[in-house]
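What the coordinates show
One-letter residues, chain by chain:
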Amino acid sequence: MEVDWSVSYRKGGVNRGYLRFTNPTLSEMRWPVVDVTGSRDGPRLCVMAGLHIDEVSSIQAAVSLPDHIDVAALAGTVSIIPIVNVPAKFSHTGLVPMDGKNLHWVFPGRSDGTFTEALADALLNEWMAGSEAVIDLHGGDIGEAQRPFVLFQKTADEVLNSGAEALARGFNPDYVMQLDLDHMNDIGRCCTALGARGRIGIVTERGDNGLLDWDAVNWHVAGVLNACRLLGLLEGGTATADKSAVLIDKYTFLRSTADGLVYHDTHPGDRVVRGQRIATLRDEFQQPIDEILAPDDGYIIWRTTMLFARSGSWIGALGRPA
Ligand SMILES: [Zn+2]
């Protein structure tokens, strides 16, 4: 990993530049990076956004984050990659154009893999190396409406779990979602890869429909600043965090059972019971095809806002309270 700080550099300040990874699969590309470095030593916190390029509120939060950090009061470094899926910047896709993979679902990646797999590996093993925690900002892709939530990977280490949960609650979300131990060896989200390595990572989710929503931007920023306080990069308590977030211990994707037009009966935040109708599928003549029923008791965390759904595709997710 090499960083060209030619955009701006000063010790104890905001340093802007471009990062390159030495892996030959990645070496033609560069990523914007901002390191906000305090005048005193302290932990390193990594913050990234734009794994999904249409989740714009979380990207804007990462772009504007340096303006919200009091450098004089900071101990340590907040390293920010505000746009991770750089090659998709001028398109509307959840995928990395080089290989058509979804970076969110390929961690820990592989150094000898495709572009996206190599990028996951480089982020995890180079950029995130030595960090106290990693915050991966997401939320509200085109065609998705949701309630604010934060995910972390539950591990066998209770100290690690409570550290991750505290960071998650610092965002003041509606739901804190702990991914159960069964997921630990999955190829998937960065928080799982970090948890499997005894490290703290969280994925934050707020936004809707690919729109720039300043409430969502400010929510992400406030949550990162609370993380800085919890980790000791900034002084002071997390005054804005409350304890009301519902802890979720099972996250279930809801899938369409056929190709069709989907009509939702429920909205994000609704509590549903097992067997309750969540949506109806109809054909182009409005004839009913099927009903999608809740597989469990829980809350609708997010749902699609698109009219059409393919058989097997996600139309939302259900979270079961712990
Ligand atoms: Zn996302």
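The structure presented is a predicted model; accordingly, all values stated were derived computationally and were not measured. (Residues numbered from 1 in each chain as written. Predicted model: local features only at pLDDT ≥ 70, side-chain atom pairs only at ≥ 80, totals over all residues. Heavy atoms only, no water.)

As a further point, take unusual backbone geometry. With an omega of 10°, the peptide bond between Phe107 and Pro108 qualifies as cis. Residue placement: Pro108 occurs in the loop between β5 (75-81) and α2 (115-127). Unusually for a residue other than glycine, Asn172 sits at a positive phi of about 60°. Mapping Asn172 onto the fold places it in the loop between α3 (158-169) and β9 (175-179). Despite not being glycine, Asn209 shows a phi value in the positive range, around 55°. Looking at the secondary structure, you find Asn209 in the loop between β10 (200-205) and α5 (214-231). Since its relative accessible area comes to 28%, Asn209 is described here as partly exposed. (Helix = DSSP H or I, 4+ residues; strand = E, 2+ residues; numbered from the N terminus. Buried < 20%, exposed > 50% of the residue type's maximum accessible area, 1.4 Å probe, protein only.)

Each protein donor to the zinc ion is listed here as His52 (ND1), Glu55 (OE), Glu55 (OE) and His138 (ND1); together their distances run 2.0 to 2.4 Å. Every donor counted, the 4 donor atoms about the zinc ion form angles of 56 to 145° at the centre, which fits irregular coordination. Here the donor residues of the zinc ion are spaced in sequence according to H-x2-E-x82-H. (Donors = N, O, S within 2.8 Å, 3.2 Å for Na, K, Ca; no water. Tetrahedral: all angles 85-135°; square planar, octahedral: opposite > 155°, others 65-115°.)

Let us look at the packing of helix α1 (residues 56-68) against α5. Remark: α1 packs on α5, axes separated minimally by 8 Å, with the N-to-C direction vectors making an angle of 50°. It follows that α1 is oblique to α5 by the angle criterion. The hand of the α1/α5 crossing is right-handed. When α1 is examined against α5, the residues Ser57, Ser58, Gln60, Ala61, Ser64, Leu65 and His68 are found in contact with a partner set consisting of Trp214, Ala216, Val217, His220, Val221, Val224 and Leu225. Residue composition of the contact of α1 with α5, grouped by class: 8 nonpolar, 6 polar and no charged. (Axes fitted to C-alpha atoms, helices over the stretch in contact; angles between N-to-C directions. Parallel < 35°, antiparallel > 145°, perpendicular 65-115°, else oblique. Left-handed = near helix turned anticlockwise from the far one by under 90°. Contact = heavy atoms within 4.5 Å. Nonpolar A, V, L, I, M, F, W, Y, C, P; charged D, E, K, R; others polar.)

Here the focus is the pattern of salt bridges. Opposite charge on two side chains permits pairing when their charged atoms draw close. Evaluation of the coordinates by the stated rule reveals 9 salt bridges. Taking the shortest distance from any N to any O, the salt bridge between Arg169 and Glu165 comes out at 3.0 Å. Within this pair, Arg169 and its partner Glu165 are both found in helix α3, separated by 4 residues, close to a single helical turn. The buried category is assigned to Arg169, whose relative accessible area is 14%. With a relative accessible area of 21%, Glu165 lands in the partly exposed category. Look at the salt bridges and you will find they share partners, linking Asp249, Lys250, Asp296 and Arg320 into a network. (Salt bridge = Lys/Arg side-chain N within 4 Å of Asp/Glu carboxyl O.)

What follows is about the sheet that holds strand β15 (residues 288-293). Pairing in this open sheet of 4 strands is antiparallel, and the strands run β15-β14-β12-β17 from one edge to the other. Single-partner strands in this sheet number two, and they are β15 and β17 (308-309). With 4 bridges connecting them, strand β12 (residues 260-264) and strand β14 (residues 277-282) associate as antiparallel partners. From the neighbouring strand, His264 faces β14, where its bridge partner is Ala279. (Pairing = 2+ DSSP bridges.)

What follows concerns the pairing of β12. Counting buried positions over the 5 residues of β12 gives 4, a clear majority of the element. As judged from the 2 bridges shared by β12 and β17, these two strands associate in the antiparallel manner. By the bridge assignment, Leu261 is partnered in β17 with Phe308.

A rise of 1.5 Å per residue sets the reference length of α5, with its 18 residues, at 26 Å; its end C-alpha atoms lie 26 Å apart and thus fit the reference within 8%. Within α5, the full set of buried residues consists of Ala216, Val217, Trp219, His220, Val221, Gly223, Val224, Leu225, Asn226, Ala227, Cys228 and Leu231. Where α5 begins, the side chain of Asp213 points an oxygen toward the backbone nitrogen of Asp215, at a separation of 2.9 Å. Immediately downstream of α5, the backbone of Gly232 shows phi near 90°, a positive value. (Expected span 1.5 Å × (residues − 1). Polar contact = N/O pair within 3.5 Å; in protein donor to acceptor, adjacent residues only side chain to side chain.)

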